[in-house]
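Summary of structural features
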Amino acid sequence: MMDSIYADVVAMIFTVSNSLKALAYVPTIRKLVTLKQPAAGQSELTWMMWIVCNASLTLHLYELNGRAVNLLIASTVASAVMCLLCWVLIRRASWRYRDAQSQGAAQRSWAR
């Protein structure tokens, strides 16, 4: 009986904290959406690693849960999606910056 209560409490704490973790990405996402230059201080490799870690945790929990989805799994999916969104926005900022730089270089060459 006590083991069941303990497991339920641990699962609830993990689900709530992981859900809050997914929300914690929102300020970073808001900043990345407005960037007009490369995302300085944001490592693409780190964000890709977070995506892999969250996805593998999700798959592991899914398998442990008999291939059934529950709130625990949904919260890890949310975290993985938020990490993926951050990575996409970092890439987008880099692409935009490169495009702006190449357009500026092309305009300067025409002015000569």
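Counting from 1, residues in each chain are numbered in the order their sequence is written. Only residues with pLDDT of at least 70 are given local features in this predicted model, and only at 80 or more are side-chain atom pairs given and counted; all residues enter the totals for whole chains, interfaces and linings. Think of the side-chain values as coming from all heavy atoms in the structure, minus any hydrogens and water.

**Thoughts on the overall build of the protein**
For clarity, the threshold we go by: Think of it this way: any DSSP run of H or I at least four residues long counts as a helix, any run of E at least two long counts as a strand, and we number them from the N terminus. Three labels apply to residues, based on accessible area from a 1.4 Å probe with only protein chains included: buried if under 20% of the type maximum, exposed if over 50%, partly exposed otherwise in between. When checking whether two residues touch, look at their non-hydrogen atoms; a contact exists if any pair is within 4.5 Å. Values of accessible area rely on a 1.4 Å probe in the Shrake-Rupley scheme; residue burial ignores everything except the protein chains shown.
Of the regular secondary structure elements, the protein holds four helices and zero strands. Traced from its N-terminal end to its C-terminal end, the protein shows the element sequence α-α-α-α. Projected onto its principal axes, the C-alpha positions of the protein cover 80 × 25 × 20 Å. Burial status across the protein gives 25% buried among its 112 residues. Counted over contacts in the protein with a minimum sequence separation of 6, partners at least 24 positions apart contribute 78%. Of the accessible surface of the protein, which amounts to about 8,000 Å², a share of 68% is contributed by carbon and sulfur atoms.

**Quick word on the environment of N54**
Here N54 is to be found in helix α3 (residues 44–64). Each C-alpha atom, one on N54 and one on V77, is 7.2 Å from the other, the two residues being 23 residues apart in sequence.

**Focus: the side chain of S75**
The condition that has to hold: As used in this structure description, the phrase polar contact means that two N or O atoms lie within 3.5 Å; if the pair is within protein, one of them must be able to donate a hydrogen and the other to accept it, and residues adjacent in sequence are counted only when both atoms belong to side chains.
You can see S75 is positioned in helix α4 (residues 71–111). Note on S75: relative accessible area 3%, which makes it buried. Within the structure, the side chain of S75 is placed 2.7 Å from the backbone oxygen of L72, a separation counted as a polar contact. Beyond its immediate chain neighbours, meaning those up to four positions away, S75 contacts F14, T15, N18 and S19.

**Things to note about the confidence of the model for the protein**
Quick reminder of the rule: How sure the predictor is of each residue is captured by pLDDT, a score from 0 to 100.
Per-residue confidence for the protein averages 87 on the pLDDT scale, and 91% of its residues sit at or above 70. Here α4 stands out as the least confident element of the protein, with mean pLDDT 83; α3 is the most confident, with 94.

**What about a nonpolar patch on the surface?**
Note the cut-off: Residues enter patches when their relative accessible area tops 30% and they take part in no salt bridge; the joining distance is 9 Å for like charges and 5 Å for the nonpolar side chains Val, Leu, Ile, Met, Phe, Trp and Tyr. For this analysis, a salt bridge means a side-chain nitrogen from Lys or Arg found within 4 Å of a carboxyl oxygen belonging to Asp or Glu.
Together, M2, I5, V9, M12, I13, V16, L20, L23 and V26 give the surface a local cluster of nonpolar side chains, amounting to about 860 Å² of exposed area. With respect to the helices and strands, M12 occurs in helix α1 (residues 2–24). You can call M12 exposed: its relative accessible area is 52%.

**Description of α3**
Rules: Each residue after the first adds 1.5 Å to the expected span of a helix. Starting at the helix axis, one direction is taken to each C-beta atom, and the arc is that of these directions.
Over its 21 residues, α3 runs 30 Å from end to end, which matches the ideal 30 Å to within 8%, given 1.5 Å per residue. Where α3 is concerned, the buried positions are W47, I51, N54, T58 and L61. The buried side chains of α3 occupy one side of the element, clustering within an arc of 105° when seen end-on. Of the exposed residues in α3, the ones pointing more than 90 degrees away from its buried face are L45, L59 and L64. Among the residues trailing α3, G66 stands out with phi positive, at a value near 70°.

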